[in-house]
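Structural description and commentary
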Amino acid sequence: MTSAVNSGHPGGSLGCTEFFVAMYYEIMKIDPSAFTMDGKNEDLFFLSNGHISPVWYSVLAHRGFFPVKELATFRKINSRLQGHPTTAEHLPGIRVASGSLGQGLSVAIGAALAKKLNGDKAFVYTLQSDGEMEEGQIWEGAMFAAARKVDNLICSLDLNGIQIDGKTEDVLPIGELKPKWLAFGWDVLECDGNDIEKVIATLKEAQKHTGKGKPVMILLRTVLGKGVDYMEHHAKWHGTAANPEELKKALAQLEETSGDY
């Protein structure tokens with residue numbers, strides 16, 4: 001998708017593939033054939049780091065939210081699949097424009113509070129990036145969610161140690177995140193974000209922590225560019241598309257399973 005238009009973010013998308021497959025095929029209670037913006041009595045998901053839209057669009061399409069063939073329109077003029085998700089195109093599965101980092105958690109908290117007020121027992125899920133932890137709005141949301149006991153909220157944090165300008169440790173060290181989130185009043189779980197069985201098990205464990213007065217944070221330790229040797233751990237691939245030769249090498253390393261490339 002990114003190589004076809006020489007634009008987009010393949011690195012984080014590859015690193016979060018297991019998470020999205022787990023969420024949409026094993027974890028969330030959803031009905032792709034009857035998508036509504038309100039999502040009453042079904043689980044909601046908000047992608048805060050909207051630049052990894054390629055993996056989200058791919059999983060949404062294969063899960064039945066819109067035709068798989070539409071993936072070929074990614075980032076093209078008049079496409080519903082813009083580089084950052086937006087509601088203007090009315091693409092099923094997308095409930096908020098995202099990619100302005102730091103905002104997704106606040107949106108999710110609002111949605112979770114609305115569900116509690118409405119007596120809706122479904123969960124609200126989010127995904128954030130570790131680069132986002134440099135945004136002050138994240139920590140405002142963290143304080144608010146704990147103070148208001150938003151305990152129907154399950155957040156996940158993609159910890160690949162890379163952001164657009166390099167390693168997070170070099171750009172602005174964020175320190176140890178588990179004690180930070182614990183100190184802010186959250187329950188915290190950890191797992192290997194590239195082991196799909198562990199991701200599924202951890203998300204199910206997170207569900208058991210809901211309803212106890214605390215929001216839940218899962219620290220997902222992932223590899224940027226997972227599955228492509230020359231992409232893994234390299235900041236270049238945060239937002240650079242592979243050229244035709246590089247694409248050929250990448251596809252040779254990844255087992256083709258979807259039948260639609």
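Every value quoted in this text rests on a predicted model; they were computed, and no experiment measured them.

**Description of the overall build of the protein**
Secondary structure summary: the protein contains 10 helices and seven strands in total. Here the C-alpha atoms of the protein give a radius of gyration of 18 Å, agreeing with the 18 Å that 2.2 N^0.38 yields for 261 residues. With the principal axes as the frame, the protein shows a C-alpha extent of 50 × 45 × 30 Å. Taking all 261 residues of the protein together, the buried fraction comes to 51%. Summarising the internal contacts of the protein: among those between residues at least 6 apart in sequence, 73% fall at separations of at least 24. About 12100 Å² of surface is accessible on the protein, with carbon and sulfur atoms providing 52% of the total. A gap of 5 Å separates the mean positions of the 26 positive and 33 negative side-chain charges of the protein.

**Some remarks on the sheet that holds strand S6 (residues 187-192)**
One open sheet accounts for five strands, arranged S1-S2-S3-S7-S6; its pairing is parallel. Pairing within the sheet leaves two strands with one partner each, and these edge strands are strand S1 (44-47) and S6. Taken over all neighbouring pairs, the strand axes of this sheet differ in orientation by 20° on average, direction set aside.

**Some points on the pairing of S1**
A two-sided burial pattern is seen for S1, the buried positions comprising Leu44 and Phe46 on one face and Phe45 and Leu47 on the other. Pairing of S1 with strand S2 (residues 124-129) involves four bridges; the strand directions are parallel. Paired with leucine 47 across the two strands is leucine 127, which belongs to S2.

**Thoughts on the pattern of salt bridges**
One pass over the structure, following the stated rule, counts seven salt bridges. In this structure, the salt-bridge partner of aspartate 120 is lysine 115, at a minimum N-O distance of 2.8 Å. Side by side, aspartate 120 and lysine 115 carry an identical accessibility label, which is buried. It is possible to trace a salt-bridge network through shared partners that takes in Lys178, Glu190 and Arg221.

**A few points about the pairing of S2**
In terms of residue burial, S2 counts as a mostly covered element, since six of its six residues are buried. The pairing of S2 with strand S3 (residues 153-159) spans six bridges and is parallel. What sits directly across from threonine 126, in S3, is cysteine 155. In this fold, S2 hands off to helix H6 (residues 136-147), which returns the chain to S3; that crossover is right-handed.

**Here's the deal with the packing of helix H5 (residues 104-117) against H6**
H6 packs onto H5 with a crossing angle of 20° between their chain directions and a minimal axis gap of 9 Å. With respect to H6, the element H5 is oriented roughly parallel. For the pair H5 and H6, the sense of crossing is left-handed. Across from Leu105, Ser106, Ile109 and Leu113 in H5, the residues of H6 making contact are Gln137, Ile138, Gly141, Ala142, Phe144 and Ala145.

**Side note on the environment of arginine 95**
Mapped onto the fold, arginine 95 is located in the loop between helix H4 (53-63) and H5. Residue classification places arginine 95 among the buried residues on the basis of a relative accessible area of 13%. A C-alpha to C-alpha distance of 22 Å links arginine 95 and methionine 1, two positions 94 residues apart in sequence. Apart from the residues within four sequence positions on either side, arginine 95 is in contact with Phe35, Thr36, Met37, Asp38, Gly39, Glu42, Leu44, Phe46 and Thr87. Among the polar contacts listed, one links the side chain of arginine 95 to the backbone oxygen of threonine 36, at a separation of 2.8 Å.

**Quick word on the packing of helix H3 (residues 17-27) against helix H9 (residues 196-208)**
Interaxial distance between H3 and H9 falls to 9 Å at its minimum, and their mutual angle equals 55°. Between H3 and H9, the angle is such that the two are oblique. H9 is crossed by H3, and the crossing has right-handed handedness. Of the residues in H9, those touching H3 at Glu18, Phe19, Val21, Ala22, Met23, Glu26 and Ile27 are Ile196, Val199, Ile200, Leu203, Lys204 and Gln207. Residue classes in the contact of H3 with H9 are distributed as nine nonpolar, one polar and three charged.

Parameters at a glance
- Within each chain, residue numbers correspond to sequence positions counted from 1 in written order.
- Local features are withheld for residues below a pLDDT of 70 in this predicted model, meaning they are given only at 70 or higher, and side-chain atom pairs are given and counted only at 80 or more; totals for whole chains, interfaces and linings count all residues.
- Derived side-chain values reflect all non-hydrogen atoms in the structure, with water molecules and hydrogen atoms excluded from consideration.
- Numbering of helices and strands runs from the N terminus, with a helix taken as a DSSP run of H or I at least four residues long and a strand as a DSSP run of E at least two residues long.
- Only C-alpha atoms enter the radius of gyration; for comparison, a globular chain is expected to reach 2.2 Å times N to the power 0.38, where N is the number of residues.
- Think of it in three bands: with a 1.4 Å probe and only protein chains considered, a residue is buried below 20% of the maximum accessible area for its type, exposed above 50%, and partly exposed in between.
- Two residues qualify as a contact provided that any one of their heavy atoms is within 4.5 Å of a heavy atom in the partner residue.
- Per-residue and other accessible areas were derived by the Shrake-Rupley procedure at a 1.4 Å probe size, with only the shown protein chains allowed to occlude residues.
- For the charge count, each Lys or Arg is scored as positive and each Asp or Glu as negative, with His and the chain ends excluded.
- Every charge is mapped to an atom, namely NZ of Lys, CZ of Arg, CG of Asp or CD of Glu.
- Two strands make a pair as long as DSSP finds a minimum of two bridges between them.
- Each axis is a line fitted through C-alpha atoms, and for a helix only the stretch in contact is used; angles between axes span 0 to 180 degrees, taken between their N-to-C directions.
- Think of a salt bridge as a Lys or Arg side-chain nitrogen and an Asp or Glu carboxyl oxygen that are within 4 Å of each other.
- Throughout, right-handed denotes a crossover for which the path from the first strand over the helix to the second runs clockwise when the strands point away from the viewer.
- Throughout this description, any angle smaller than 35 degrees is read as roughly parallel, any larger than 145 degrees as roughly antiparallel, any in the 65 to 115 degree range as roughly perpendicular, and the remainder as oblique.
- Each helix crossing is assigned a hand: it is left-handed if the near helix lies turned anticlockwise from the far helix by less than a right angle, otherwise right-handed if that turn is clockwise.
- Residues adjacent in sequence count toward polar contacts only when both atoms are side-chain atoms; beyond that, a polar contact is any pair of N or O atoms within 3.5 Å, and within protein one must be able to donate a hydrogen and the other to accept it.
- When residues are sorted by character, Ala, Val, Leu, Ile, Met, Phe, Trp, Tyr, Cys and Pro go into the nonpolar class, Asp, Glu, Lys and Arg into the charged class, and all the rest, Gly among them, into the polar class.

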